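Take a look at the letters that make up each chain.
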Amino acid sequence: MELKNFFMIVVLGFLVFTLTGCAEIQTDEVIKLGWVGPLTGKTAQWGEPAYKTAKMAVDDVNSNGGVNGKLFELVVEDSQSEPKNAATAAQKFINQDKVDIILTHLSSESLVVAPLAEEAQIVMFASATSTPDLTEAGDYIFRVTPVNKEGQTIAEELEKNGIQKVALLTEQSKYTLP
């Protein structure tokens with residue numbers, strides 16, 4: 001199983017665990033999940049597998065009776081790889097769709113959706129957001145991916161040891177290029 005699929009299943013598992021005791025779900029029949037991510041645009045290669053994983057996990061939970069008899073309903077919006085579209089989708093989730101939980105994918109989208117979800121007091125889970133800027137986004141904002149500080153840590157260690165020049169080797173193959 002790919003790591004990103006694992007993370008999405010962990011998120012949905014966490015949702016199942018969390019929602020079994022949650023009293024503030026907005027509907028009686030379904031638990032609405034609003035998923036926003038890049039299905040088109042320059043980062044679609046990361047959004048499409050994330051969407052498919054979320055759909056697969058929702059279908060799996062629903063085929064097993066849902067959570068306390070409530071099924072998940074997945075409302076999907078394409079950010080088109082643009083943060084402003086993710087913000088528009090979040091506003092739709094909050095004001096029109098009345099979702100119970102918002103699922104975001106990439107850092108740029110999560111950073112614009114987080115303040116909206118926090119203000120509306122709607123839980124948001126970010127599946128592939130590694131920016132440290134999301135850490136203090138609010139009480140309703142959660143991430144699955146750890147904070148990306150490896151580069152900073154390496155640079156600090158190099159500086160501490162007086163190293164001023166480094167070489168970077170990269171691979172240019174189908175695996176590493178979008």
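Refer to the preceding data block for the structure.
Calculation criteria
Residues numbered from 1 in each chain as written. Predicted model: local features only at pLDDT ≥ 70, side-chain atom pairs only at ≥ 80, totals over all residues. Heavy atoms only, no water. Pairing = 2+ DSSP bridges. Helix = DSSP H or I, 4+ residues; strand = E, 2+ residues; numbered from the N terminus. Right-handed = clockwise from strand over helix to strand, strands pointing away. Salt bridge = Lys/Arg side-chain N within 4 Å of Asp/Glu carboxyl O. Buried < 20%, exposed > 50% of the residue type's maximum accessible area, 1.4 Å probe, protein only. Polar contact = N/O pair within 3.5 Å; in protein donor to acceptor, adjacent residues only side chain to side chain.

Draft legend 1. Up close: the pairing of strand E2 (residues 71-78). Alignment of strand E1 (residues 30-37) against E2, held across eight bridges, turns out to be parallel. Across the sheet, residue Gly37 finds its bridge partner in E2, namely Asp78. The β-α-β motif built from E1, the intervening helix H2 (residues 44-63) and the parallel element E2 has right-handed crossover chirality.

Draft legend 2. Molecular detail of the pattern of salt bridges. The tally for this structure, following the rule as stated, stands at four salt bridges. For Lys92, the salt bridge goes to Asp97, with nearest N and O atoms at 2.8 Å. With a relative accessible area of 24%, Lys92 lands in the partly exposed category. For Lys160, the salt bridge identified is with Glu157, shortest N-O distance 3.4 Å. Linking Lys160 with Glu157, this pair stays in helix H5 (residues 150-160), spanning three residues, or about one helical turn. We classify Lys160 as exposed; its relative accessible area is 62%.

Draft legend 3. Here's a closer look at the environment of Asp100. Its location among the elements puts Asp100 in the loop between helix H3 (83-97) and strand E3 (101-106). A distance of 2.7 Å separates a polar side-chain atom of Asp100 from the backbone nitrogen of Lys32.

What is shown is where atoms sit, not what they do.
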